[in-house]
Amino acid sequence: SNHTKMVAAGIKETYKKDPSDRKDNLGPYVRDKSFSDKWLDVWVSDQTNQCLVTVRGSTDLVDWAVDDALIATGTGPRDLIGPTLTKIWAKYDDDYDMEISGHSLGASLVATGLQSQDLDADVVDMFNPGVVPWSNEAVSELVIP
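Everything numeric in this text was worked out from a predicted model, so none of it was measured.

Draft legend 1. Spotlight on the sheet that holds strand 4 (residues 50-55). Strand order in the open sheet formed by six strands is 1-2-3-4-5-6, with mixed pairing between adjacent strands. A strand with exactly one partner marks an edge of an open sheet, and here the two such strands are strand 1 (25-26) and strand 6 (123-127). In this sheet, strand 3 (residues 40-45) lies alongside strand 2 (residues 29-31) in antiparallel orientation, the contact comprising two bridges. By the bridge assignment for strand 3, Val 30 is matched with Val 44. Helix 1 (residues 2-14) rests against strand 1, strand 2, strand 3, strand 4, strand 5 (97-103) and strand 6 of the sheet, and its axis sits at about 50° to strand 4. On the sheet, helix 3 (residues 82-92) packs against strand 3, strand 4 and strand 5 and is oriented at approximately 10° with respect to strand 3.

About the criteria used
- Residues numbered from 1 in each chain as written.
- Predicted model: local features only at pLDDT ≥ 70, side-chain atom pairs only at ≥ 80, totals over all residues.
- Heavy atoms only, no water.
- Pairing = 2+ DSSP bridges.
- Helix = DSSP H or I, 4+ residues; strand = E, 2+ residues; numbered from the N terminus.
- Contact = heavy atoms within 4.5 Å.
- Axes fitted to C-alpha atoms, helices over the stretch in contact; angles between N-to-C directions.

By themselves these figures say nothing about function.
Encoded structure:
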C-alpha cells in the first residue's frame, strides 16, 4: 500500500547516519527533529492524527557483533531505544495514533523497547525482524502467539 511504502521510506531515511541529512517531510508527516538520533526518527501528521516512529537496522560492526549476535543466541538485543520511546509516548500518545516500525535489528529494538517500557502501539510494522525460532525474546512474544 502507499502507507507501507511511506513507512519504508521513513525507515530508509533513518538509516542516514547524520540526522541533518534526513528529509523533513514524508507526505503529510513532519519529522520531529528533537527525537532524531542514531536509531530512530519521529514523524507526526496533524492531518491524519498519527505519530510514526521509524527505527533502523544494523549499520556497523558493533550492531552485528553485539546486538545481532545477542539475537542469534536467542536473548534479543540490548534495550537501546526504550527510554526514548517513553519520552515519545509521553509527548504524543494522548493526542495521536501511535505507529512504530523497524527493519531487521530495528524491528527487534522496537519489540524490546515496547516490552521494557510497557508501551502499547496502535500499529507495529516489522520488516524482516531479527529473531530466531528458539528465542524467548520480545519479537517472538509479539509476533508468535
